[in-house]
Amino acid sequence: MFIVAITGGIASGKSTVSRVFQRNGIPVVDADEIAREIVMPGKRCWHKIRKEFGDAVLLPTREINRAALGRTVFKNKELRGRLNMITHPVIHRTIFFHVIKHLLSGKQWIVLDLPLLFETGILMDLIYKIVCVTCDPETQLQRLIERNELSEEDARLRVNSQMPLEKKCEKSHFVIDNSGSVEDTEEAALKICNMLTESKQHWRNRLTFLGFVFAILFFIYYLNKIFSFLPEINIVARWK
């Protein structure tokens with residue numbers, strides 16, 4: 001199995017590309033979805049966020065008020081760092097669990113939807129190819145304002161908190177420009193999906209993994225032979 005990451009900026013269109021992969025049978029692990037799940041009322045991250053930021057970031061339903069929390073952390077880098085310290089380790093562990101699950105199920109390849117792939121750098125060693133979804137800055141800003149019902153100031157704070165899209169594109173293997181129509185974006189995503197499906201990388205990874213396993217088993221067998229032979233030497237020595 002090999003892993004492909006989809007990244008990009010907030011509201012750049014990553015979800016549109018992810019859906020194309022899903023429709024074509026490729027499992028997608030969505031970091032944003034995991035981030036929402038781990039802060040549900042009663043969960044450990046929920047308790048930590050409440051302790052750190054107070055009841056002001058809770059809705060009457062006791063769920064995290066993402067809009068209020070966002071306004072707080074995106075205006076204060078230190079507070080944003082504290083929030084990341086609470087959520088990021090849990091998000092990364094959950095992603096790793098999903099990777100292992102898909103590996104054991106025999107999947108050819110999977111997709112990780114990781115908005116902050118380059119910002120955190122945590123999962124880079126697992127990634128085979130990176131797809132960056134980009135769009136022009138004004139389109140990105142307008143989409144974010146409409147989607148999240150934000151003021152222009154709040155939207156700009158969120159955009160500016162991430163690595164610039166140009167830099168993300170430079171670091172990626174594939175770039176999809178989502179400034180145009182949804183149909184154009186889906187067509188570009190499908191081409192990449194088909195190209196990756198035809199790749200033989202999963203066989204190379206499996207052979208490497210099997211080679212590693214056999215090397216460990218041989219090492220254990222060799223050590224066992226050595227240590228089982230030593231008592232025989234000691235017995236012979238005593239008889240002499």
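It should be noted that the structure appears before, not after, this text.
Quick summary incoming for the structure in this document. All values derive from a computational prediction rather than experimental measurement. (Residues numbered from 1 in each chain as written. Predicted model: local features only at pLDDT ≥ 70, side-chain atom pairs only at ≥ 80, totals over all residues. Heavy atoms only, no water.)

1. Thoughts on the overall build of the chain
- Of regular secondary structure, the chain possesses 11 helices and 5 strands.
- Out of the 240 residues belonging to the chain, those deemed buried represent 39%.
- In the chain, the proportion of contacts linking residues at least 24 apart, taken out of those at least 6 apart, comes to 73%.
- As displayed, the chain has an accessible area near 14,700 Å², and 58% of this comes from carbon and sulfur atoms. (Helix = DSSP H or I, 4+ residues; strand = E, 2+ residues; numbered from the N terminus. Buried < 20%, exposed > 50% of the residue type's maximum accessible area, 1.4 Å probe, protein only. Contact = heavy atoms within 4.5 Å. Areas by Shrake-Rupley, 256 points an atom, 1.4 Å probe, with all protein chains shown as cover.)

2. Re the packing of aromatic side chains
- Taken as a whole and judged by the stated rule, the model has 3 aromatic pairs.
- Ring geometry for phenylalanine 2 against tryptophan 109: centres 5.7 Å apart, planes inclined by 5°, an arrangement best described as stacked. Taken together, the residues span a long stretch of sequence, with phenylalanine 2 in strand 1 (residues 2-8) and tryptophan 109 in strand 3 (residues 109-113) at a distance of 107 residues.
- Through a chain of ring-to-ring contacts, three or more aromatic side chains come together here, namely Phe2, Phe21, Trp109 and Tyr128.
- The cationic tip of lysine 129 hangs over the ring face of tyrosine 128; the distance from NZ or CZ to the ring centre is 5.1 Å. (Phe/Tyr/Trp six-rings, centres within 6.5 Å; stacked < 30°, edge-to-face > 60°. Lys NZ or Arg CZ within 6 Å of the ring centre and 35° of its normal.)

3. Description of the pattern of salt bridges
- Counting across every chain of the model gives 7 salt bridges.
- Here arginine 156 makes a salt bridge to glutamate 152, at a shortest N to O gap of 2.9 Å. Of the two residues, arginine 156 and glutamate 152 both sit in helix 8 (residues 152-160), 4 residues apart, roughly one turn of that helix.
- Three or more residues are tied together by salt bridges with common partners; here these are Glu52, Glu78 and Arg82. (Salt bridge = Lys/Arg side-chain N within 4 Å of Asp/Glu carboxyl O.)

4. Here we look at the sheet that holds strand 5 (residues 174-177)
- Across the sheet, which stays open at both edges, the 5 strands sit in the order 2-3-1-4-5 with parallel pairing between neighbours. Looking along the sheet, the strands with just one partner apiece sit at the ends: strand 2 (28-30) and strand 5. Sheet twist, expressed as the average angle between the axes of neighbouring strands with direction ignored, equals 20°.
- As defined by bridge partners, strand 4 (residues 129-134) adjoins strand 5 across 4 bridges and the pair is classed as parallel. In the sheet register, valine 131 faces strand 5, and the bridge partner there is phenylalanine 174.
- This element, helix 1 (residues 14-23), spans strand 1, strand 2, strand 3, strand 4 and strand 5 of the sheet and lies at about 155° to strand 1.
- On the sheet, helix 10 (residues 182-197) packs against strand 1, strand 3, strand 4 and strand 5 and is oriented at approximately 160° with respect to strand 5. (Pairing = 2+ DSSP bridges. Axes fitted to C-alpha atoms, helices over the stretch in contact; angles between N-to-C directions.)

5. A word on the nonpolar core
- Membership of the largest hydrophobic core comes to 33 residues, with the highest contact counts inside it found for Ile49, Phe53, Leu69, Ile95, Leu112 and Leu114.
- Only strand 1, helix 2 (31-37), helix 3 (44-53), helix 4 (66-73), helix 5 (77-104), strand 3 and helix 6 (117-120) provide two or more residues apiece to this core.
- Sort the elements by how many residues they give to this core and helix 5 lands first, with 6 residues.
- Two domains each put at least three residues into this core: domain 1 (1-27 + 107-200) and domain 2 (30-105).
- Contact partners of leucine 114, with chain neighbours within four places excluded, come to Ala5, Ile6, Thr7, Ala31, Ile95 and Leu123.
- With 18 residues, the next largest nonpolar core counts Phe2, Val4, Ile176 and Cys193 among its residues. (Core = buried A, V, L, I, M, F, W, Y, C linked by side-chain atoms within 4.5 Å. Domains from an automatic or database assignment.)

6. Side note on the environment of arginine 66
- In this structure, arginine 66 sits in helix 4.
- Linking arginine 66 and arginine 36, residues 30 residues apart in sequence, is a C-alpha distance of 9.3 Å.
- Ignoring any residue separated from it by four or fewer positions in sequence, one finds arginine 66 in contact with Ala35, Arg36 and Val39.

7. A closer look at the packing of helix 7 (residues 137-148) against helix 8
- Look at helix 7 against helix 8: their axes get within 9 Å of each other, and the N-to-C directions meet at 120°. When the interaxial angle is binned, helix 7 and helix 8 end up oblique. Crossing hand, helix 7 versus helix 8: right-handed. Residues Glu138, Gln140, Leu141, Leu144 and Ile145 of helix 7 form the contact with helix 8, whose own contacting residues are Glu152, Ala155, Arg156, Arg158 and Val159. (Parallel < 35°, antiparallel > 145°, perpendicular 65-115°, else oblique. Left-handed = near helix turned anticlockwise from the far one by under 90°.)

8. What about unusual backbone geometry?
- One non-glycine residue, alanine 11, adopts positive backbone phi at about 65°.
- Positioned with a positive phi, arginine 62 is a non-glycine residue whose angle comes to about 80°.
- In this fold, arginine 62 is placed in the loop between helix 3 and helix 4.
- Its relative accessible area of 34% is what places arginine 62 among the partly exposed residues.

Such coordinate-based values are descriptive only and should not be taken to indicate function.
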